[in-house]
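# Residue-level structural notes
If you want the building blocks of each chain, they are given just below.
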Amino acid sequence: MHHFQFKDKALHCEELAIEDIVEIVGTPLYVYSSATITRHFAEFEKGFAGIDHLTCFAVKACSNIAILNLLAQQGAGADIVSGGELFRALKAGIPAEKIVFSGVGKTAYEMREAIFAGIRFFNVESAQELDKLETVAAELGTKARVSFRVNPDVDPKTHPYIATGLAQSKFGLPMEEAYRQYKRAASMEHIEVVGISCHIGSQLTEISPFVAALQKIRAMYERLRQEGIILQFMDIGGGIGVTYDQEDPPHPLEYAKAVTAELGGLDCTFVFEPGRVIVANSGILVTSVLYTKTNPGNANDPAKTFVVVDAAMNDLSRPSLYGAHHTILGVRESKGEKQTVDVVGPICESGDFIARNRELGPVQQGDLLAVMSSGAYGFSMSSNYNSRPRAAEVLVRNDCYQIIRKREDYDDLIRGETLLDENF
Ligand code: LLP
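Model, not experiment: these values are computed from the prediction.

### Remarks on the domain arrangement of the protein chain
With domains assigned, the protein chain is organised as domain 1 (4–31 + 282–413) and domain 2 (34–279). Facing 21 residues of domain 1, the contacting portion of domain 2 comprises 23 residues. With both sides pooled, the region where domain 1 packs onto domain 2 buries about 1900 Å², and carbon together with sulfur makes up 51% of that total. Considering only the side of domain 1, the residues that lose the most area to domain 2 are Ser282, Tyr322 and Tyr377, jointly responsible for 31% of the buried surface there. Linking domain 1 to domain 2 there are zero salt bridges. Counting the contacts that link domain 1 with domain 2 gives twelve residue pairs in polar contact (both at pLDDT 80 or more). Of all the elements, strand 20 (residues 392–397) adds the most residues to the side of domain 1 that touches domain 2, at four residues. Taken together, the residues of the side of domain 1 that touches domain 2 sort by class into seven nonpolar, nine polar and five charged.

Here's what the structure looks like:
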């Protein structure tokens with residue numbers, strides 16, 4: 001359930017008609033519902049009520065500081081993967097002690113910043129990273145809190161680009177290697193071993209891979225305990241899927257039930273890193289139809305109709321990158337014969353599409369379309385490709401909205417660039 005509904009044939013976000021926002025802010029435009037975000041977060045939390053835990057929103061899913069700010073107000077922490085995300089999380093008012101730092105390639109500079117800020121812990125993913133962290137912490141005359149991200153070799157049954165817990169993935173340490181690194185880290189002067197973590201992939205639609213991973217990390221937790229290495233944190237990552245099309249992912253409460261059943265009785269604080277499940281259905285991308293055209297086809301290929309819109313793969317890359325499905329709705333409900341069309345952007349690549357072979361109601365030049373479920377990995381993955389200024393972002397609360405990111409202009413495109421010096 002989300003807060004994008006039709007009222008009097010016009011798509012609304014909460015109490016505001018999308019058309020009215022577009023009239024002021026233009027397109028392409030990301031519109032987020034604050035009520036959906038806070039409801040999803042509260043729902044996630046409900047499943048773990050009474051359990052000692054910390055929910056760290058995966059900043060990469062939607063990194064606008066207003067949205068992080070909203071989540072901070074609800075008590076969320078942050079899962080970050082770069083110095084830039086640390087900067088955003090702190091700016092948004094997320095306390096450093098609620099921040100965990102994941103990722104395979106942290107630089108010494110990023111480590112320094114995170115130690116300095118006082119984050120909760122690093123999820124360390126290689127032996128060399130551990131050595132680097134020890135060096136950096138020594139230079140700062142302090143200790144770095146470490147959790148190892150293990151790779152449990154479990155198939156998350158998702159798109160290969162977003163599967164992260166397979167033996168072939170670049171992420172985490174294989175179990176036996178992790179065990180060796182725990183022993184090594186335990187004797188390091190500037191490292192404090194505090195936890196274990198794993199994240200096996202994103203957009204998971206079944207519970208079983210989560211359970212399989214949990215069993216493996218629980219076994220490791222207990223094995224370490226017998227060796228006298230007591231972990232305070234167990235971080236089980238993110239990954240719960242959402243419905244984009246026909247998927248039937250587990251409800252967060254079902255996920256919580258399975259997790260608590262597997263982890264019951266452990267004496268530690270659980271850390272969760274949900275991203276998509278909190279924000280995907282909290283945001284839409286609104287785009288205007290620039291042109292429609294039909295290519296006649298030939299003896300082998302049928303005619304094809306294109307709906308050319310003002311949003312492109314630089315605004316929402318998921319369809320081009322993963323073949324992802326996003327439902328597309330007319331912002332104004334219209335009756336009439338449906339047509340099979342490709343919804344494409346202005347970018348000079350045939351890979352630039354928002355939807356292919358999609359049945360849409362009658363679409364005309366000037367219509368507004370809503371690309372649904374774009375709140376996660378939508379704007380945060382956008383770029384300036386083809387020198388396209390990035391879209392504006394708007395957050396709605398009841399019948400009010402705030403522009404939380406203004407539309408970029410041409411000066412934004414060349415910020416930091418220079419013409420050649422005279423004597424170059
Ligand atoms: N924790 C870690 C360490 C992660 O790498 C990720 C996502 C998450 C948590 C959050 O996972 P979620 O709850 O959102 O599934 N761009 C892709 C998704 C990439 C996910 C990367 N890691 C997409 O658009 O589908």
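### With respect to the layout of surface pockets
Summary: where empty space remains is shown by rolling a probe the size of a single water molecule over the atoms. Taken as a whole, the largest pocket holds about 570 Å³ of empty space. Looking at the largest pocket, it is lined by 29 residues, and the ones nearest its centre are Lys60, Thr164, Phe171, His199 and Tyr377. Of all the elements in the fold, those that place two or more residues in the lining of the largest pocket are helix 10 (276–279) and helix 11 (318–322). Split into classes, the residues belonging to the lining of the largest pocket amount to twelve nonpolar, nine polar and eight charged. Estimates place the volume of the second largest pocket at around 470 Å³. Those elements that provide at least two residues to the lining of the second largest pocket are strand 16 (328–330), strand 18 (353–360) and strand 19 (368–371). Counted by class, the lining of the second largest pocket contains nine nonpolar, six polar and seven charged residues.

### Details of the packing of helix 4 (residues 83–91) against helix 5 (residues 108–117)
Packing of helix 4 against helix 5 leaves a shortest axis separation of 9 Å and a crossing angle of 25°. On the basis of their axis angle, the class for helix 4 and helix 5 is roughly parallel. Seen from above, helix 4 lies across helix 5 with left-handed handedness. When helix 4 is examined against helix 5, the residues Gly83, Leu86 and Leu90 are found in contact with a partner set consisting of Glu110, Glu113, Ala114 and Ala117.

### Quick notes on empty space enclosed by the protein
This structure, assessed with the given rule, holds two cavities of 30 Å³ or more. Each pocket or cavity is described by its volume, and for the largest cavity that value is around 50 Å³. Together, Cys198, His199, Ile200, Phe210, Ala213, Leu214 and Ile236 line the largest cavity. The residue inventory of the lining of the largest cavity, partitioned by class, reads six nonpolar, one polar and no charged. If you add up the space inside the second largest cavity, you get close to 30 Å³. Lining the second largest cavity are Ser102, Asn123, Arg149, Ser197, Cys198, His199, Asp235 and Glu273. Split into classes, the residues belonging to the lining of the second largest cavity amount to one nonpolar, four polar and three charged.

### Re the nonpolar core
By size, the foremost hydrophobic cluster in this structure holds 103 residues, and its most contacted members are Phe122, Met234 and Tyr255. Here the element with the most residues in this core is helix 8 (residues 208–226); it accounts for eight residues. Contacts of methionine 234, omitting those with residues within four sequence positions, involve Ile196, Ile217, Arg218, Tyr221, Leu263, Leu266, Cys268, Thr269, Phe270 and Val271. Cys13, Val31, Ile284 and Val331 belong to the second-largest nonpolar core, a separate cluster that totals 19 residues.

### Describing the packing of aromatic side chains
Scanning the entire structure with this criterion turns up eleven aromatic pairs. Judged by centre distance (4.0 Å) and plane angle (25°), the rings of phenylalanine 48 and phenylalanine 272 are stacked. Of this pair, phenylalanine 48 sits in the loop between helix 2 (34–47) and strand 5 (53–58) while phenylalanine 272 sits in strand 13 (residues 269–272), placing them 224 residues apart in sequence. Using a relative accessible area of 1% as the deciding quantity, one classes phenylalanine 48 as buried.

### What about the site of the ligand?
Around the ligand, the surrounding shell holds 19 residues, and the nearest of these are Ser202, Glu273, Arg318, Tyr322 and Tyr377. Here an oxygen atom of the ligand sits 2.8 Å away from a polar atom, N or O, in the main chain of glycine 239. Tyrosine 322 has a polar side-chain atom sitting 2.7 Å from a nitrogen atom of the ligand. Considering the ligand on its own, with 590 Å² of exposed area, one finds that the protein chains cover 93% of that surface.

The rules behind the values
- Residues numbered from 1 in each chain as written.
- Predicted model: local features only at pLDDT ≥ 70, side-chain atom pairs only at ≥ 80, totals over all residues.
- Heavy atoms only, no water.
- Domains from an automatic or database assignment.
- Contact = heavy atoms within 4.5 Å.
- Buried area = accessible area lost by both parts, 1.4 Å probe.
- Salt bridge = Lys/Arg side-chain N within 4 Å of Asp/Glu carboxyl O.
- Polar contact = N/O pair within 3.5 Å; in protein donor to acceptor, adjacent residues only side chain to side chain.
- Helix = DSSP H or I, 4+ residues; strand = E, 2+ residues; numbered from the N terminus.
- Nonpolar A, V, L, I, M, F, W, Y, C, P; charged D, E, K, R; others polar.
- 1 Å grid on protein atoms, 1.4 Å probe; cavity = no way out; pocket = protein on both sides within 12 Å on 5 of 7 lines; lining within 4 Å.
- Points joined across faces, edges and corners; volume = space filled by probe spheres on them.
- Axes fitted to C-alpha atoms, helices over the stretch in contact; angles between N-to-C directions.
- Parallel < 35°, antiparallel > 145°, perpendicular 65-115°, else oblique.
- Left-handed = near helix turned anticlockwise from the far one by under 90°.
- Core = buried A, V, L, I, M, F, W, Y, C linked by side-chain atoms within 4.5 Å.
- Buried < 20%, exposed > 50% of the residue type's maximum accessible area, 1.4 Å probe, protein only.
- Phe/Tyr/Trp six-rings, centres within 6.5 Å; stacked < 30°, edge-to-face > 60°.
- Near = heavy atom within 4 Å.
- Areas by Shrake-Rupley, 256 points an atom, 1.4 Å probe, with all protein chains shown as cover.

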